[in-house]
Amino acid sequence: MGMKNVLASRWGVIGVGAVIGILAPILQKLGNPGNMGICVACFERDIAGSLGLHRADIVQYMRPEIIGFVLGSFAAALIFREFRPRAGSAPIVRFVLGVFAMIGALVFLGCPWRAMLRLAGGDLNAVLGIAGLVFGIWIGTLFLKNGYNLGRSQKTYPSVGLLMPLIAFGFLLLVFIYPQIQGEPASGVLFYSVKGPGSMHAPLLVSLGIGLVVGVLAQQSRFCTMGAIRDLTLFGQTHLLGGLVALVLAAFVTNLVLGQFNPGFTGQPVAHTLHFWNFAGMTLAGLAFALAGGCPGRQLFLSGEGDGDAAVFVIGMVAGAAFAHNFGLASSPAGIGTHGAAAVAIGIVVCLFIGFTMRTKLA
Amino acid sequence: MSTRIDARGLSCPQPVILTMSKIREMTKGRIEILVDTDTSKENVSRAAKSKGWDVQIVEPDGSGYRIVIQKD
């Protein structure tokens, strides 16, 4: 059996949630955007921008936190002998789910982690987003109860599982080869925002270090925001929920201490006040996460421990971010994008199609 | 009576769904579950315990784990 995994215990996952809840507001204090100490969706979107996959010049930055998540998880999986190269469970479906998960998240403006951090920073619009997230996940559990699944993955070559950590490492090399030049919108092949959220970031090595720590802790604790809500509605289990609640409470207290708690609906950082679209965007995202089996953070940690299907979901999210900004689907503080409403509708139809048609009896 | 569930290659939350539905169906007896990740191993064990089943064996099996749960 090997050694007992303390972090995967009830108090372990609560502790990990609390640590993330403390570190995220600190990252904000050190330069990350408001209520965005950590946001997996936003940061993957910034990475898409830094690579030039979209040209929204206010959201382009190679976020070291994301790189750290993958490499931290990879290191933990190696150390604790949990690296399991596996792939082949409906990769194209996972890609499409990743695309629409990102589009939904960018209509709300945040992944589940940021939804919690926004709440903990006093942004009451997050309540609508979280309600939508719960609603979307609940729809997902109805499909799960009726036999929805994406089929089995297969054990595969170690190199398959290594690809995502190698991609993360490659991106890290790019940051060192083409470092940010103050006031310049690009450095070599990478774009760097000079204004807007993409220009706001904690020091590179701090972001990377915290990303690595969170990657190790989250891989070992199986921390998952979507899983927290899904397991509660599906099984009545509160194991993962403890981590989620701990994150919100720890972030709330840390924000109070750092003077970052500003309650209200209006004037919130990187947020809009369209209640319906905050709800609907996260309904789409929540449904996509539930159908894909993990929140964006969890998918990164899985990709680090060798799950090639989770890696495809991550790449889908990066592609979704490119679509979102190239097609005017992403929201801004001014409101939703030109085609944001249509994209949410299409996304929900696609997710329902996937949920209704991909059912088999496994037992 | 003993029943076997092969949950290898299935991602979250399928191994737990399969285990729970078998537990509901059998109410007591012995169930052997095969999983391929540590997360599934922990989740299945936790779910079984929460339903009052005894986790008797957790051992490496191939590249994954074999779990045996029982309720008398």
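Scroll up to find the structure this text is about.
Rules used throughout
Residues numbered from 1 in each chain as written. Chains lettered and ligands numbered in written order. Predicted model: local features only at pLDDT ≥ 70, side-chain atom pairs only at ≥ 80, totals over all residues. Heavy atoms only, no water. Disulfide = S-S within 2.5 Å. Buried < 20%, exposed > 50% of the residue type's maximum accessible area, 1.4 Å probe, protein only. Helix = DSSP H or I, 4+ residues; strand = E, 2+ residues; numbered from the N terminus. Expected span 1.5 Å × (residues − 1). Contact = heavy atoms within 4.5 Å. Pairing = 2+ DSSP bridges. Axes fitted to C-alpha atoms, helices over the stretch in contact; angles between N-to-C directions. 1 Å grid on protein atoms, 1.4 Å probe; cavity = no way out; pocket = protein on both sides within 12 Å on 5 of 7 lines; lining within 4 Å. Points joined across faces, edges and corners; volume = space filled by probe spheres on them.

A. Local environment of the state of the cysteines. All names here are of chain A. Counted according to the given criterion, the structure contains one disulfide over all chains. Between the sulfur atoms of Cys39 and its disulfide mate Cys42 the distance is 2.3 Å. Linking Cys39 and Cys42, the disulfide has an S-S dihedral of approximately 65 degrees and is accordingly described as right-handed. Accessibility classification places Cys39 together with Cys42 in one group, the buried group.

B. Structural context of helix α2 (residues 38-50) of chain B. An ideal rise of 1.5 Å per residue puts 18 Å on 13 residues; α2(B) measures up with 18 Å between its terminal C-alpha atoms. Along α2(B), the residues that are buried comprise Asp38(B), Thr39(B), Ser40(B), Lys41(B), Glu42(B), Asn43(B), Val44(B), Ser45(B), Ala47(B) and Ala48(B). Looking at the packing, one finds that the buried side of α2(B) touches α12 (296-304) of chain A together with α1 (14-26), β2 (29-35), β3 (54-61) and β4 (64-71) of chain B. Phi for Gly52(B), located one or two positions after α2(B), is positive at around 80 degrees.

C. Looking closely at the sheet that holds β2(B). All names here are of chain B. Reading across the sheet, the four strands line up as β1-β2-β4-β3 and stay open at both edges, with mixed pairing between neighbours. This sheet does not close on itself; its edge strands, each paired only once, are β1 (2-6) and β3. For this sheet, the mean angle separating the axes of adjacent strands, direction not counted, is 15 degrees. Taken together, the five bridges between β1 and β2 define a ladder with parallel strand orientation. Residue pairing for β2: Asp6 is matched across the bridge by Leu34. The strands touched by α1 within the sheet are β1, β2 and β4, with β2 carrying the most contacts at an inclination of about 170 degrees.

D. Up close: empty space enclosed by the protein. Throughout the structure, instances matching the rule amount to three cavities of 30 Å³ or more. In this structure, the largest cavity occupies an estimated 420 Å³ of space. Lining the largest cavity are 35 residues, with Arg298(A), Leu302(A), Ser11(B), Cys12(B) and Thr39(B) sitting closest to its centre. Roughly 70 Å³ of volume is contained in the second largest cavity.

Interpretation in functional terms is not warranted from these geometric data alone.
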